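Reading the structure
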Amino acid sequence: MLNLREMAQTNCWIRKLDETKKLPKQPYCVGCENKVDDWDVYVDMRDEYASTHATCPHCGLINYEDSKDIHPAVAVLVFFIGIPAVVWSVLMGFGIDEENYGVLGVTAYGISFLFFYLIMNFRVSDLKKRMEEIEERR
C-alpha cells in the first residue's frame, strides 16, 4: 500500500491538504489497525488528473478502498478493449454470420461488464471482511 505521507516529503507532486475526511466504511486503518475518525487528505498530481486520497493520520498509509482502485487507463484497456476483443475472437471461431455482429458485440461488452461488476463487488466484501477481522482482534 502507498504511504503518501512519506512520498510527500520527497515528491513535489504530492501535497497534504488542510482538510480531513470521514470514511464510515473503514473505521480502522488496515496497516496499523488503529481506529481512525478523521483521515488526512493528500492530493496526488502525478497522473494526468489530480486525485485525492485519504490516508491514516497514524502511519500515513493510503486507505484500503483507494489502495484497491483500478486506474482508469487500465479499466479502459482491460474492460472496454481487452476482454471484448478476446470474447469477440473466441465467438468468431464458432462461425458467426455477419448479420449477427451486433449480438456478438453486445455479448462481448456484457461479459466484460459482468467481470467489472464482480471485481468491484469483491473489493467491497473484502473491505468489510478486513474491518471485521480487525474488530475481532481488538
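Going by the structure above, here's the rest.
Below is a summary of the structure that appears in this document. (Residues numbered from 1 in each chain as written. Predicted model: local features only at pLDDT ≥ 70, side-chain atom pairs only at ≥ 80, totals over all residues. Heavy atoms only, no water.)

With respect to the sheet that holds strand 3 (residues 51-55)
Across a sheet, strands are paired by hydrogen bonds formed along the backbone, either parallel or antiparallel in direction. Read from one edge to the other, the open sheet built from 3 strands follows the order 1-2-3, with strand pairing classed as antiparallel. The open sheet terminates on both sides in strands that have one partner only, identified here as strand 1 (14-21) and strand 3. On average, adjacent strands in this sheet sit at an angle of 30 degrees to one another, irrespective of strand direction. In this sheet, strand 2 (residues 39-44) lies alongside strand 1 in antiparallel orientation, the contact comprising 5 bridges. Note that in strand 2 the partner of Lys16 across the bridge is Tyr42. (Pairing = 2+ DSSP bridges. Helix = DSSP H or I, 4+ residues; strand = E, 2+ residues; numbered from the N terminus. Axes fitted to C-alpha atoms, helices over the stretch in contact; angles between N-to-C directions.)

Observations concerning the side chain of Ser51
Mapped onto the elements of the fold, Ser51 is located in strand 3. Dropping the residues within four chain positions of it, Ser51 is found in contact with Tyr42, Val43 and Asp44. (Contact = heavy atoms within 4.5 Å.)

Comments concerning the environment of Cys29
Mapped onto the secondary structure, Cys29 falls in the loop between strand 1 and strand 2. The exposure class assigned to Cys29 is buried, which follows from its relative accessible area of 2%. Considered as a pair, Cys29 and Ile62 are 33 residues apart in the sequence and their alpha carbons are 8.7 Å apart. Not counting the four nearest positions on each side in its chain, Cys29 is found in contact with Asn34, Val36, Trp39, Cys56, Cys59 and Ile134. (Buried < 20%, exposed > 50% of the residue type's maximum accessible area, 1.4 Å probe, protein only.)

Examining unusual backbone geometry
With a phi close to 60 degrees, Glu33 is a non-glycine residue in the positive phi region. Structurally, Glu33 can be placed in the loop between strand 1 and strand 2. Exposure remark for Glu33: the relative accessible area of 26% places this residue in the partly exposed category.

Considerations on a nonpolar patch on the surface
Nonpolar side chains collect at one region of the surface, where Val74, Val76, Leu77, Val78, Phe80, Ile81 and Tyr109 lie side by side and expose about 640 Å² of accessible area between them. When residues in the nonpolar patch are grouped by element, the largest group, 6 residues, is from helix 3 (residues 72-92). With respect to the element layout, Val74 can be found in helix 3. (Patch = residues over 30% accessible without salt bridge, like charges linked within 9 Å, V, L, I, M, F, W, Y side chains within 5 Å. Areas by Shrake-Rupley, 256 points an atom, 1.4 Å probe, with all protein chains shown as cover. Salt bridge = Lys/Arg side-chain N within 4 Å of Asp/Glu carboxyl O.)

Digging into the environment of Gly60
Following the sequence through the fold, Gly60 ends up in the loop between strand 3 and helix 2 (64-67). C-alpha separation for the pair Gly60 and Gln9, spaced 51 residues apart in sequence, amounts to 12 Å. Those residues in contact with Gly60 that lie beyond four places of it in its chain are Leu2, Asn3, Leu4, Arg5 and Thr55.

Brief notes about the side chain of Asp44
By the element assignment, Asp44 lies in strand 2. Under the relative-accessibility criterion, Asp44 is labelled buried at 5%. Non-local contacts of Asp44, meaning those with residues more than four positions away in its chain, are made with Trp13, Ile14, Tyr49, Ala50, Ser51 and His53.

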